[in-house]
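Coordinates in review
Here are the chains, one letter per residue:
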Amino acid sequence: MLTDRQKRIMIAVVEGYTESPNAEPIGSSALSLYEGLDVSTATLRNEMALLEEMGYLEKTHTSSGRIPTEKGYRLYVEELMNIDDIQEELDEQVAQYFENSKLSKKETLSKLVESIVNNKDFNYGAVLLEKTAYNSLIKKIEFVYLKNRRGIFILVTDQGLVLHRETSIPEGINIQSIENTMEFLNEKLHDVLLNDFKNAKVINITTDNFFDYISNAPAVLELCLRNIRKLVDDKRIIIGQYNVLNHHDFADLNLAQSYIECLKNGSIYQIVEFDAGPIPVIASDDNAAISIKLGSENNLEIMKKCACVTAYFKSKHHTGAITIYGPLRMKYRQVISFLKALVNNMK
């Protein structure tokens, strides 16, 4: 059980460290400037030593100051964080943005998320995923020719989701070749997860000689896959995907390379989970539920040093989730209050 002073120290360390532009550990001298902590630096050092023994703080090798541990961040977001002083104003700002926007709610949502994660004070990434795309399996894909070299690509999932996209067919590509290729892909992509589908790597065509009989096979395959991919991507959006590379936490080259590979193969979408499982969810009277996964709580290996904050929304036409992700040294107050404001305005 923490004392009131120890709680104030934890708040000061977390908020001071996350707000520091250079990720500076927080020392006793800096702590003494905070309200309610105007005691001797010796007393503050002793308190921080106790918090370190309890597993809430840790020392870095380069400074005598302390930084929060994963356990410390968890304590902060669950018990110590207070967003009441910024929530009302942010709710009003987001509501005004929705009211003045001439875009659809989904497009407005994307624009708002983009404005936050791309802000130089944040530099986070975000994934927007509609629930119909979560763990959906491809059951059928087909191509229907219309006229005047225009046709419709159609994708049906096991959850009854029907996606379609009309497009023009370039000169030099045979309509019959598209239809034959789509029949072939329909067999190869059957029961493939939408979240796994990214490119031709999920399709075992290396040993097939099917394309030996298709005129202009590479161009036809590229056309079909590009349109299928656009159908899938309409239900999932990633924003600011390279922003996190600006944080010192991603300075390690191997980590940065692994993250980029995660973007390329589409596994980044796995950070969005509609079942938060045992991970505590912050709920409020307005039912804007927020799931927070910290470090080792994340299933995706590349996110073991990151924070993923997910809000779930439901409107007349859309049900889904928004996950903002970044280093553990995240500005949780601002991110969580922003997500709550978004969800409240998506109803």
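Reference entry: report on the structure contained in this document. (Residues numbered from 1 in each chain as written. Predicted model: local features only at pLDDT ≥ 70, side-chain atom pairs only at ≥ 80, totals over all residues. Heavy atoms only, no water.)

**What to know about helix H7 (residues 175-188)**
Its 14 residues give H7 an end-to-end C-alpha distance of 20 Å, which sits within 8% of 20 Å, the value for a rise of 1.5 Å per residue. Residues of H7 that are buried: Ile175, Ser177, Ile178, Thr181, Met182, Phe184 and Leu185. For H7, the secondary structure elements touched by its buried residues are strand S4 (138-145), strand S5 (150-157) and helix H8 (217-233). (Helix = DSSP H or I, 4+ residues; strand = E, 2+ residues; numbered from the N terminus. Expected span 1.5 Å × (residues − 1). Buried < 20%, exposed > 50% of the residue type's maximum accessible area, 1.4 Å probe, protein only. Contact = heavy atoms within 4.5 Å.)

**Re unusual backbone geometry**
In the Ramachandran plot, Asn123 falls in the positive-phi region, its phi being about 55° despite a non-glycine side chain. Looking at the element boundaries, Asn123 is found in the loop between helix H6 (105-117) and strand S3 (125-130). Taking relative accessible area as the criterion, Asn123 reaches 17% and is therefore assigned buried. Of note in this structure, Arg149 is not a glycine but carries a positive phi near 60°. Tracing the chain through its elements places Arg149 in the loop between S4 and S5.

**Notes on the pairing of strand S9 (residues 290-294)**
Where burial is concerned, most of S9 is hidden: 5 out of the 5 residues are buried. Inspection of the sheet shows S9 paired to strand S10 (residues 306-314) by 5 bridges, in the antiparallel sense. Residue pairing across strands places Ile290 opposite Ala311, the latter belonging to S10. (Pairing = 2+ DSSP bridges.)

**Quick notes on the sheet that holds strand S6 (residues 162-168)**
Overall, antiparallel pairing links the 3 strands, which are arranged S4-S5-S6 in an open sheet. Bordering the open sheet on either side are S4 and S6, each of which pairs with just one other strand. With direction set aside, neighbouring strand axes in the sheet form an average angle of 15°. Across 7 bridges, the pairing between S4 and S5 is antiparallel. Counterpart to Ile141 in the pairing with S5 is Leu155. (Axes fitted to C-alpha atoms, helices over the stretch in contact; angles between N-to-C directions.)

**Focus: the pairing of S5**
Connecting the antiparallel pair S4 and S5 is a turn made up of 4 residues, with Asn148 showing a positive phi of about 50°. Here S5 runs beside S6; their pairing, made up of 7 bridges, is antiparallel. Bridge pairing in S6 places Val156 opposite Val162. Between the end of S5 and the start of S6, which pair antiparallel, lie 4 residues, with Gly160 showing a positive phi angle near 85°.

**Some details on the pattern of salt bridges**
For side chains of opposite charge, pairing can occur when their charged atoms come near one another. Following the criterion strictly, the structure yields 12 salt bridges and no others. With a shortest N-O distance of 2.9 Å, Arg150 and Glu166 are connected by a salt bridge. With Arg150 in strand S5 and Glu166 in strand S6, this residue pair connects regions lying 16 residues apart in the sequence. On the accessibility criterion, Arg150 (32% relative accessible area) is partly exposed. Residue Glu222 pairs with Arg226 through a salt bridge whose shortest N-O separation is 2.4 Å. (Salt bridge = Lys/Arg side-chain N within 4 Å of Asp/Glu carboxyl O.)

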